[in-house]
Amino acid sequence: MMIDYSSVQFRGAFLLVLLLLFVGCDRLLTPDQTNQITDLRAGTYTLDTNHAALLFKLDHLGFSTFLGRFDSFDATLDFNPEDIENASLEVVVDTASINVNLPEFEEELRGDDWLDTENYPQAVFRTTSFVEATGESTFIYAGELTLHGVTAPVILEVEFHGGGRNFLTRSYTVGFSGSANFLRSDFGVDRFARFGVGDEIELEVHVEFMETS
């Protein structure tokens, strides 16, 4: 039996080219990412609104957890990994963008008895001080939330997920999630709180920031 060496060599060369192409594509598609917060770039970051979610949860009469979100919000982050204690975050929420997947109830929530979005179209959260690091990538900041015309302190717990060049946007990007709890009655939004509609609000935020400077 005679072996067609030229055919074997061709197939081998072809497979080698395919392997190199796959390796090249993998390098192209995989972000130059780090999970070490100390390796991030210092600078000012703006929110990638296409990759951002702001959710809220509250107890509903002891039967279930009621979920909603705000569809429109913006945020800026000033950050230096060598000076994490002085990082600052500001989040501005369009309160009329509340979304609970119930259009008629959303209109009610925008009204005077709830958020009164005509008179208070924005909610704003700003960090005020660093509290502590609870792990290599988890931190706690003190801040102030202005909602429904009232400003009160709120604690924000933050988790860093990664940073690096995003091959889709070609922007240097950092990703975080955060959570906070507060009483809506502290901000004058107390309708039905005495009747079992949860007073305590749990916020979740999942965001990506893009470097601007």
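Procedures and definitions
- Residues numbered from 1 in each chain as written.
- Predicted model: local features only at pLDDT ≥ 70, side-chain atom pairs only at ≥ 80, totals over all residues.
- Heavy atoms only, no water.
- Buried < 20%, exposed > 50% of the residue type's maximum accessible area, 1.4 Å probe, protein only.
- Helix = DSSP H or I, 4+ residues; strand = E, 2+ residues; numbered from the N terminus.
- Pairing = 2+ DSSP bridges.
- 1 Å grid on protein atoms, 1.4 Å probe; cavity = no way out; pocket = protein on both sides within 12 Å on 5 of 7 lines; lining within 4 Å.
- Points joined across faces, edges and corners; volume = space filled by probe spheres on them.
- Nonpolar A, V, L, I, M, F, W, Y, C, P; charged D, E, K, R; others polar.
- Salt bridge = Lys/Arg side-chain N within 4 Å of Asp/Glu carboxyl O.
- Contact = heavy atoms within 4.5 Å.
- Polar contact = N/O pair within 3.5 Å; in protein donor to acceptor, adjacent residues only side chain to side chain.

The element strand S8 (residues 138–147) is extensively covered by neighbouring structure, given that seven of its 10 residues are classed as buried. Looking at chain direction, strand S7 (residues 122–133) and S8 are connected through eight bridges and run antiparallel. Among the inter-strand pairings, Phe125 is bridged to a residue of S8, identified as Leu145. Turn length for the S8-strand S9 (residues 150–166) hairpin, with the two strands adjacent in sequence and antiparallel, is two residues, and the turn residue His148 shows positive phi of about 55°.

A few words now on the layout of surface pockets. Roughly 240 Å³ of internal volume is contained in the second largest pocket. Considering the residues around the second largest pocket, the lining is formed by 20 residues, among which Gln33, Gly162, Asn166, Thr173 and Glu208 are closest to the centre. Residue assignment for the lining of the second largest pocket shows that the elements contributing at least two residues are S9, strand S10 (171–183) and strand S11 (200–211). The dominant element in the lining of the second largest pocket, judged by the number of residues it contributes, is S9, at six residues. Looking at the lining of the second largest pocket, its residues break down into six nonpolar, 12 polar and two charged.

Following the criterion strictly, the structure yields six salt bridges and no others. When the shortest N-O distance is used, the salt bridge between Asp71 and Arg69 registers 3.2 Å. The exposure class assigned to Asp71 is partly exposed, which follows from its relative accessible area of 45%. By relative accessible area, which is 30% here, Arg69 ends up partly exposed. Among the ionic pairs, Asp113 bridges to Arg191, the shortest N-O distance being 3.8 Å. You can see Asp113 sitting in the loop between helix H2 (103–109) and S7 and its partner Arg191 sitting in the loop between S10 and S11, a full 78 residues away along the chain.

A few words now on the environment of Asn166. Tracing the backbone shows Asn166 in strand S9. With 133 residues separating them along the chain, Asn166 and Gln33 place their C-alpha atoms 8.4 Å apart. In contact with Asn166, other than residues within four places in its own chain, are Ser171, Thr173 and Glu208.

Our focus in this paragraph is the side chain of Thr127. Position of Thr127 relative to the elements: it lies in strand S7. Among the polar contacts made by the side chain of Thr127, one reaches the main-chain amide nitrogen of Leu89 at a distance of 3.0 Å. The residues touching Thr127, leaving out its near neighbours within four places in the chain, are Ala87, Ser88, Leu89, Tyr141, Ala142 and Gly143.

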